[in-house]
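What follows is each chain in one-letter form.
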Amino acid sequence: MDIERTLAELTLPEKAALVSGKNNWYTAAVDRLDLPALMMTDGPSGLRKQTNSGTTNINDAIQAITYPAAALSASTWNESLMHQLGEHLGIEARAEQVSLLLGPGVNMKRSPLGGRNFEYLAEDPLVAGKLGSAYVQGVQSQHVGVAVKHFAANNRENQLTASSDMSERTLRELYLRTFEIIVKSAYPATIMTSYNKINGVLNSQNERLLRRILRDEWGFHGAVMSDWGAVANTVQALKAGLDLEMPGKGQASVNDIIRAVHTGELDEGTLNKAVRHLLHVVDDWLPADHAQPYDHAAHHQFARKLADDGIILLKNHEDELPLDPQTTGKVVVIGELAENPRFQGSGSSHVNPTKLVSPLDALAGSGLKADYYPGYRLDQSETNGDLAEAALTAAKTADHVIIFAGYPKAAESEGFDKASLMLPENQSDLIGSLAKANVHTTVVLQNGSAVEMPWIHSVAAVVETYLAGEAVGEATWDIITGTVNPSGHLTETFPRRLTDTPMAPTFGQDPHHEYYTEGIFMGYRYYDTHEMHVLFPFGHGLSYTTFEYTNLKLTQNERGATVTFDVTNTGARSGQAVPQLYIANHASHVPMPTKELRAFTKVAIAPGETETVTLALDRRDFSWWCEPKARWQADSGDYEVMIGESSRDIRLQVKLTMDFKNSPAPITTETYMAAIVKNPQLRDLFKQVVLAPEYAGPENFLATTDDQGSLQIFQDRMFMNMPLRAVVALGGPQALITDFITRANTLLRQ
């Protein structure tokens, strides 16, 4: 397509129609110019292509492979698998003539109460950014575009349009960082704005967010679309940098745009920018004329493989698991979720599965000899005495008990936030009773986010499957029987109690504002810095083998460092380790978390084998957002590099001193004496200029001396905590201070 020629031939009404969605799932077409409409569909974890373009009813969607929800797929910590997930989704979208896949969702898991946490990747922006980038690259490798969502700081479902109020540093370091990584490394076709405001400005019409940051700073060249119904003012949104209103308000949106151009409220050049961005999307992501079929059975097997790689072994007391079908005795399986599993999230990510295999369906194929008892009802929270008693009676004579537990569908969904982290009362009580009846009790969880576990010390093992997709049954038994060695690791912290979370008193309370009072201390950054006990830390995950970390080496330069170390499989099974590199910043004089994740990888290692891992760090990995300078700042000084298998399981660590050769901050009346004394050149200059001989007598309070004649002021801690203006206020000569500032800045520029 000749973009500029097409743009020149479009009429004003046609331009206005193009930037307003035709309906729920299509952009507008311009038949006279052979400009086609593009189809889009929900799809973070599988296609939700609607059979009726005017509806969003999930029951009208085609059947499609239902992959694990993002909460589980992210737990793989496996960029290669995330790329493959994207490829599989891209192939399926292409087969259905879909041009834009609405995903991935990459917002931070700020609070475990977030109703949509199952659809998001992590509480850490690096994990979400790297895994999200791999997903985007995989989808787009199949000539299908994506819409990365929800931009930005969209961390609660209740009162979606509330303002997310936070400092600029918090916004940059946590809530924009993931989007920045994906934009700069994966080049997504589109970005979807969220419903909320940031510091009082609606995101769909936030010019600073959409133009100055997304396009000018990060270099984004795709189109910006709104979430469905997120636009309050069509014209103001276009002026701010939005390109496509979805699903649009029909002719009303078109009329608003035409009127605004005619009255001068909207410059037609601004409209042309939006149209140009959309024309590029149409040209780049138009599907092939003929759909290509794909192998549904093979894609189902990949869904199983992805779940296998992500399922997390949270607890395994005295090697309770795996259960070898050849030697394990009588097993009792309990819980309605084994029969009717919770395998996907509710809302826009809901998929009609092609082949749902429940844990009960897959039990026969596992080789285990087991009886099944429902134990509880999913549609009830009260204990059903008959069901619970039957389960307990069976458990007392079993060699192993496996209970499936989790949140019912009605308790966790897009559209509302949770009020509790507790499982339903009937499930929680039953787990406690089973653990008393049989010490060999394993809990298998099906849930979208963190769970409180008052029974944790009573059970032998806990397996976290999150929402594992249509192969949930097969993957669950793969892990329990040891057919697959678990290698999933948490991308969120499981707190002991909801009240332990930093935002517990305020989350979702104000209908108009969400106050991010914890700042940068969110997730593990909060718990680790405050040395709080947690249920399971960020990055945690057990294996049926063991790994030893040795031989840490650093090579550094002015731009960063390269870190190498060895990982040895010291057990009897092949397994996958997830080395995590954290940095502790001791150089910057601003509040800092105890440690922050700065690199990770996943590596498969055979028994007795050793793999050398190399991870690279650049200047940005040592940086923080400096609000006064409005830029990223890396400070010279001391840092610590830590290698671990979770944020709390550090295996290796080493200190290093970095010299980033920053331009020094200018000296002003606000500069503290401590900063002057720390620099030998400035200290000598201060003595020469301010403590000149004519002012060195007893009458000058600045020049008091001790018994040895040393200048006492340089040993006075109170004096060190004074800015230069305070020195003047206390009697220091203004002219000499001014002269010192001038000379000091000249010296620093040399």
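Please read these numbers as outputs of a predicted model, since none were measured by experiment.

**Quick notes on the pairing of strand β14 (residues 400-406)**
When you tally the buried positions in β14, you get seven out of seven residues, the bulk of the element. The two faces of β14 match: His400, Ile402, Phe404 and Gly406 on one face and Val401, Ile403 and Ala405 on the other face are all buried. Direction of pairing for strand β11 (residues 331-334) relative to β14: parallel, over a ladder of four bridges. The residue of β14 that forms the bridge with valine 331 is histidine 400.

**Concerning the pairing of strand β9 (residues 223-226)**
Judged by which residues are buried, β9 turns out to be covered on both faces: Ala223 and Met225 on one side and Val224 and Ser226 on the other are all buried. For strand β6 (residues 190-193) and β9, the ladder comprises four bridges, and the chain directions are parallel. Residue pairing across strands places threonine 193 opposite serine 226, the latter belonging to β9.

**A word on the sheet that holds strand β1 (residues 40-42)**
Overall, parallel pairing links the five strands, which are arranged β1-β3-β4-β6-β9 in an open sheet. Two strands lie at the open edges of the sheet, namely β1 and β9, each paired on one side alone. Across the sheet, the mean angle from the axis of one strand to that of its neighbour is 30°, orientation sign disregarded. Relative to β6, strand β4 (residues 145-151) runs parallel, the two being bridged by three bridges. Looking at the pairing, valine 148 lines up with isoleucine 191 of β6. On the sheet, helix α8 (residues 207-217) packs against β4, β6 and β9 and is oriented at approximately 150° with respect to β9.

**Overview of the packing of aromatic side chains**
Applying the stated rule across the entire model yields 17 aromatic pairs. Each ring, one from tyrosine 524 and one from tyrosine 582, has its centre 6.0 Å from the other, and the planes form 80°; the classification is edge-to-face. Placement of the pair is tyrosine 524 in helix α18 (residues 524-529) and tyrosine 582 in strand β21 (residues 580-585), with a sequence separation of 58 residues. Here tyrosine 524 matches tyrosine 582 in class, with each residue buried. By the ring-pair criterion, three or more aromatic residues cluster together here, those being Trp77, Tyr524, Phe538, Tyr582 and Phe600. Directly above the aromatic system of tryptophan 632 lies the positively charged group of arginine 620, at a separation of 3.7 Å from the ring centroid.

**Considerations on the packing of helix α20 (residues 680-689) against helix α23 (residues 734-749)**
Interhelical geometry of α20 versus α23 gives an angle of 150° and a closest axis separation of 10 Å. It follows from the interaxial angle that α20 and α23 lie roughly antiparallel. When you trace α20 past α23, the crossing you get is right-handed. Seen from α20, the contacting residues are Gln681, Leu682, Leu685, Phe686, Gln688 and Val689; seen from α23, they are Leu736, Ile737, Asp739, Phe740, Arg743, Ala744, Leu747 and Leu748.

**Things to note about the side chain of lysine 418**
With respect to the secondary-structure elements, lysine 418 resides in the loop between β14 and α16 (425-437). In terms of polar contacts, lysine 418 uses its side chain to reach the backbone carbonyl oxygen of proline 112, at 3.4 Å. When sequence neighbours within four positions are dropped, the list of residues in contact with lysine 418 reads Pro112, Leu113, Tyr407, Ala411, Glu412, Ser449 and Ala450.

**With respect to the sheet that holds strand β15 (residues 441-446)**
One open sheet accounts for six strands, arranged β10-β16-β15-β14-β11-β13; its pairing is mixed. The open sheet is flanked by β10 (312-316) and β13 (370-373), the only strands paired with a single partner. Going from strand to strand, the sheet's axes swing by 20° on average, the running direction of each strand aside.

**A short note on the nonpolar core**
Counting residues in each nonpolar core, the largest one holds 139 residues, and the members touching the most others are Phe151, Tyr175, Met453, Trp477, Phe494 and Leu597. Element by element, the count of residues in this core is highest for helix α5 (residues 125-140), at eight residues. Residues within four places of leucine 597 in sequence aside, it is in contact with Trp77, Asp124, Leu126, Val127, Tyr524, Phe538, Gln580, Leu581 and Tyr582. By size, the runner-up hydrophobic cluster in this structure holds 41 residues, among which are Leu7, Val19, Leu35 and Leu244.

**Quick word on the environment of glycine 637**
Relative to the helices and strands, glycine 637 resides in strand β27 (residues 637-644). Note on glycine 637: relative accessible area 17%, which makes it buried. In the structure, glycine 637 is positioned 409 residues away from tryptophan 228 in sequence and 48 Å away in space, judged by C-alpha atoms. With near-sequence residues (within four places) excluded, glycine 637 lies in contact with Ala587, Leu656, Thr657 and Met658.

**With respect to helix α12 (residues 296-310)**
Here α12 is 15 residues long and its end C-alpha atoms lie 21 Å apart, about the 21 Å a rise of 1.5 Å per residue gives. Sitting at the head of α12, aspartate 295 places a side-chain oxygen 3.1 Å from the backbone nitrogen of alanine 297.

**Observations regarding the environment of alanine 303**
Mapping alanine 303 onto the fold places it in helix α12. In this structure the C-alpha to C-alpha distance between alanine 303 and leucine 85, which are 218 residues apart in sequence, comes to 8.3 Å. Sequence-distant contacts of alanine 303, defined by excluding residues within four places in its chain, comprise Ile65, Thr66, Tyr67, Pro68 and Ala471.

**Topic: the confidence of the model for the protein chain**
In this model, the protein chain carries an average pLDDT of 93, and 95% of its residues clear a pLDDT of 70 or more. For the stretch residues 703-711, pLDDT sits under 50, and the model shows 13 contacts to residues farther than four places along the chain or on other chains.

**Focus: the pattern of salt bridges**
Within the structure shown, the criterion is met by 40 salt bridges. Where glutamate 180 meets arginine 620, a salt bridge forms, and the shortest distance between an N and an O atom there is 2.7 Å. Residue glutamate 180 is located in helix α7 (residues 177-186), and its partner arginine 620 is located in the loop between β24 (610-618) and β25 (623-626); the two are separated by 440 residues in the primary sequence. One exposure class covers both glutamate 180 and arginine 620, and it is buried. For arginine 304, the salt bridge is made with glutamate 474, and the minimal N-O distance between the two is 3.8 Å. With arginine 304 in helix α12 and glutamate 474 in helix α17 (residues 472-480), this pair connects stretches of sequence that are 170 residues apart. Take glutamate 474: its relative accessible area is 13%, and that puts it in the buried class. Three or more residues joined by partner-sharing salt bridges are found here, namely Arg110, Arg156, Glu514 and Glu518.

**With respect to the packing of α5 against α7**
Running from N to C, α5 and α7 point in directions that differ by 35°, and their axes come no closer than 8 Å. In the packing of α5 onto α7, the handedness of the crossing is right-handed. Contacts between α5 and α7 involve Pro125, Leu126, Ala128, Gly129, Lys130, Gly132, Ser133, Val136, Gln137 and Gln140 from the former and Arg177, Thr178, Ile181, Ile182, Ser185 and Ala186 from the latter. Considered class by class, the residues forming the contact of α5 with α7 number seven nonpolar, seven polar and two charged.

**What to know about α7**
Most of α7 is tucked away: eight of the 10 residues are buried. Looking only at α7, the buried set comprises Arg177, Thr178, Phe179, Glu180, Ile181, Ile182, Val183 and Ala186. For α7, the secondary structure elements touched by its buried residues are α5, β4, α6 (168-175), β6, α8 and β26 (631-634). One or two residues past the end of α7 sits tyrosine 187, with phi positive at roughly 50°.

**Points about unusual backbone geometry**
The phi angle of most residues is negative, glycine excepted, and most peptide bonds adopt the trans form. In this structure, proline 104 follows glycine 103 across a cis peptide bond, with omega equal to 5°. For proline 104, the position within the fold is in the loop between β3 (100-102) and α5. A cis amide bond links methionine 246 to the next residue, proline 247, at an omega of -5°. By the secondary structure assignment, proline 247 is in the loop between α9 (234-240) and α10 (251-263). Backbone geometry at alanine 153 places phi at a positive 55°, although glycine is not the residue there. With respect to the helices and strands, the residue alanine 153 is situated in the loop between β4 and β5 (163-165). Although it is not a glycine, aspartate 319 sits at a positive phi angle of roughly 50°.

The rules behind the values
The numbering scheme is per chain: residues are counted from 1 as the chain's sequence reads. At least 70 in pLDDT is required for a residue's local features to be given in this predicted model, at least 80 for side-chain atom pairs to be given and counted, and no such filter applies to totals for whole chains, interfaces and linings, which use all residues. In computing side-chain values, all of the structure's heavy atoms are included and hydrogens and water are not. We call a residue buried when its accessible area falls under 20% of the maximum for its residue type, exposed when it is over 50%, and partly exposed in between, using a 1.4 Å probe and counting protein chains only. Secondary structure elements follow DSSP: runs of H or I of four or more residues count as helices, runs of E of two or more count as strands, with numbering from the N terminus. The rule for pairing is simple: two strands pair if DSSP sees at least two bridges between them. Each axis is a line fitted through C-alpha atoms, taken for helices only over the stretch in contact, and angles between the N-to-C directions span 0 to 180 degrees. Working rule for contacts: check all heavy atoms of both residues, and any pair within 4.5 Å makes them a contact. Here a Phe, Tyr or Trp ring, Trp counted by its six-membered ring, pairs with any other such ring whose centre lies within 6.5 Å, and the pair is stacked when the planes are under 30 degrees apart, edge-to-face when over 60, and tilted otherwise. For a Lys NZ or an Arg CZ to count as sitting over a ring, it must be within 6 Å of the ring centre and within 35 degrees of the ring normal. Angular relationships are summarised with four words: roughly parallel below 35 degrees, roughly antiparallel beyond 145, roughly perpendicular across 65 to 115, and oblique for the angles in between. In this scheme the handedness of a crossing depends on how the near helix is turned from the far one: anticlockwise by less than a right angle means left-handed, clockwise means right-handed. In the analysis that follows, any N or O atom pair within 3.5 Å is treated as a polar contact, provided that within protein one partner can donate a hydrogen and the other can accept it, and provided that, for residues neighboring in sequence, both atoms belong to side chains. Put simply, a nonpolar core is a bunch of buried Ala, Val, Leu, Ile, Met, Phe, Trp, Tyr and Cys residues held in one set by side-chain atoms that sit within 4.5 Å of each other. Helices are assigned an expected span. That span is 1.5 Å times one less than the residue count. Confidence scores labelled pLDDT are given residue by residue by the predictor and lie between 0 and 100. Whenever a carboxyl oxygen of Asp or Glu lies within 4 Å of a side-chain nitrogen of Lys or Arg, that contact is scored as a salt bridge. Polar here means any residue outside two lists: the nonpolar Ala, Val, Leu, Ile, Met, Phe, Trp, Tyr, Cys and Pro, and the charged Asp, Glu, Lys and Arg; Gly therefore counts as polar.

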